[in-house]
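# Structural features, examined
Spelled out from the first residue to the last, the chains are:
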Amino acid sequence: MTSNSRTAAQQRADEIRVFEEELAHLEREGIVALTPAQRGAIAAHHRGLLARLARDFDIDRDARAKQLSLGMRIASFLGALALAASVFFLFHQFWDRFSTAAQVVVLAGAALGTFGATLWIQGREASGYFTKLAAMVAFACFVINISLLGQIFNITPSDKALIPWAAFALLLAYTCDLRLLLAAGILCIIAWISARTGTWSGMYWLHFGERPENFFPAAVIMFLVPQVIPHGRFTGFGPIYRVFALLTLFLPMLILANWGQISYLDFEEDGIEGFYQVMGFALSAGAIWLGARRHWGEVVNTGSVFFVIFLYTKFFDWWWDVMPKYLFFLVLGLTAVLLLFIMRRLRAKGLFGGSAR
Amino acid sequence: MTLTWSRGRTLAAGLALIALTNAIALGGVAWNRSGEPESVLKLTQRELWQPHGYGFDRDGGGLQLSVRWRVLAADADLAFYADMHGTPEWLDEAKLASLGFDVAPPPDTGRASWRYERQLPKEALVVLELDGPARQKALERVRELAAKEMAKGAETGKTGPGTPAQQAAVSLKNEETANSRLFAVDAGHEAQALRAKYPDRTRYAIVQGKVRPYYQTRRGKEMRWTGYIEVIQNARVNVPLEFRKTIEPAPSAIPPAGVAGGGPVFEVTVAFGKRFEPWIVAAGAAGK
């Protein structure tokens, strides 16, 4: 099994379910009438196909199974976090009983063993739930491996540790089709690029968060990754890159729009804040436009959220002290209604590249 | 470009990544500890504390000792504050400029000066001096201050528990028998230049740290740039299993001198390597 074929199998099963529902509608409305033989042949073909797909790829055959799958995904995610925490505290609890050599062997062995176990489980499990659990534990073991080596040997903390952590997370994510590990890898890369950007200005790497502009290069690079490297085979990977890129862009921008003193820019604080407020509006509006043009729902949503946050932040600056609170919140509500009207009109006119209705 | 890997290649890549990362980390440790150590200090419980654990620290997690370093404050009136990592008298504008900080006077406007004051810390090599002139000066300052307070107490008759005179006597006792003798005395970027200035490798250790500038605007004080050592890297030293039996039973506070078994309980020899990273090479009972 490959992750790609499982995705394709699930998509095929969903198409069959939609087809059956639509056919039932058409028959009820008298638009089409299949003979019992035709209906039986289609049903038998679909039953056989779904049975084969379910056997080979552990897909959800109907809406109820899909709901159950969501529950299993949540359980798998929480279980993965709990197991990773368990490994951490297990090391912590018994650490002082080992000699230094034994500690090194245990750390490296745990990382190697859990990684091997992850691939072994992945080869034997179609659903991916247990693979996700194992992969999270393997990643936690590797992070603990390097962190505790630093503690044992009093190694000076370095941002370089983020590189192998990112590489390991991405290796697991792409091998096992795991979005959670992809997010972990992306966070490591963002932290590393931002830290490097900070050190170019002469600061100590751990302080990169104190100048939010350090995050901007990482945001651009993360946004471009799914454009340069096609991610069609991996479910939801492209959107995750884009969402993290936009968060990495807009969150620092939002901070700078309200707290200009921490900027690299050597201007008056008010000027810096005004600049980032304008940039925030322009880029979030641009994200909505680009997302709509390219049919990137996540980009439209993230852009919309930040456009509204930038807008509300300005409203707060202007009116919170001078308006009665009921009026302030009324203005906020009416603004949201106005935005809905505007976006509906734009959608209807097809100005975002969609078809006009 | 597409991403298609067989499981075999993934396994090989993952194992190689883990092995290589561990090899690089351990290779760095080996290099740090190779040859003659950069410096070797004999520290006692005065300079090495067992950190008090909070939260999950109580569940174990190995033993580490915190290196307790101090600075000789520019303000002599602060002599009683033994743990103060405050503004050292040697970290003046010239020293800050040599460390790469902009020490031009900030503009008058409040907001702009706030930005200047918030210069971020920079990495620097810090020289730690063990039981040297800085410690002697700190001791003299405490003695002078204590003598003044005790003289005042004798004049007014206030020498009982809780009085400034009695507190001064306690401070003096602590300075003589319990406070750390390890002082940060200089900083720079060139290890060789610092070592040439402080050649005694058993008294002076060069370590990595971070220095942050500070614009002193306190009332009654001259407005000027000064600074402080924000952190000394690796100020927690891991205790290997073979030394734990010597260190772990020690009380967290040094027993008062003058009573049986008083004074520091253990003595630890700490070496600093090529990367200025420390490790414990020996541990034993402190020579009282």
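Structure's up top.
Description of the structure in this document. Remember, it's a predicted structure, so these values are computed and weren't measured experimentally. (Residues numbered from 1 in each chain as written. Chains lettered and ligands numbered in written order. Predicted model: local features only at pLDDT ≥ 70, side-chain atom pairs only at ≥ 80, totals over all residues. Heavy atoms only, no water.)

## Some points on the sheet that holds strand E3 (residues 64-67) of chain B
Residues and elements named next belong to chain B. Spatially, 3 strands are ordered E2-E3-E8 in an open sheet, and the strand pairing comes out antiparallel. Taken across any chain shown, the strands that pair with only one partner, and hence form the sheet edges, are strand E2 (48-49) and strand E8 (236-238). Of the strand pairs in this sheet, E2 and E3 are connected by 2 bridges, and their pairing is antiparallel. Across the sheet, tryptophan 49 pairs through a bridge with serine 66, a residue of E3. (Pairing = 2+ DSSP bridges. Helix = DSSP H or I, 4+ residues; strand = E, 2+ residues; numbered from the N terminus.)

## What to know about the packing of aromatic side chains
All names here are of chain A. A full pass over the atoms with the stated rule returns 24 aromatic pairs over all chains. Seen in terms of ring centroids, phenylalanine 315 and tryptophan 318 are 6.2 Å apart; in terms of plane orientation they differ by 40 degrees. Their pairing is tilted. Here phenylalanine 315 pairs with tryptophan 318, and both are found in helix H11 (residues 297-319), just 3 residues apart, close to one helical turn. The partly exposed category is assigned to tryptophan 318, whose relative accessible area is 47%. A cation over a ring is seen here: lysine 325 above tryptophan 320, with NZ or CZ 4.6 Å from the ring centre. (Phe/Tyr/Trp six-rings, centres within 6.5 Å; stacked < 30°, edge-to-face > 60°. Buried < 20%, exposed > 50% of the residue type's maximum accessible area, 1.4 Å probe, protein only. Lys NZ or Arg CZ within 6 Å of the ring centre and 35° of its normal.)

## Quick look at unusual backbone geometry
In this structure, asparagine 154 of chain A is a non-glycine residue whose phi angle is positive, near 50 degrees. Examined against the element boundaries, asparagine 154 of chain A turns out to sit in the loop between helix H5 (129-152) and helix H6 (162-176). Under the relative-accessibility criterion, asparagine 154 of chain A is labelled buried at 2%. The phi torsion at aspartate 131 of chain B lies on the positive side, around 50 degrees, for a residue other than glycine. With respect to the helices, strands and loops of the structure, aspartate 131 of chain B is situated in the loop between strand E4 (122-130) and helix H4 (133-156). The class of aspartate 131 of chain B is partly exposed, set by a relative accessible area of 27%.

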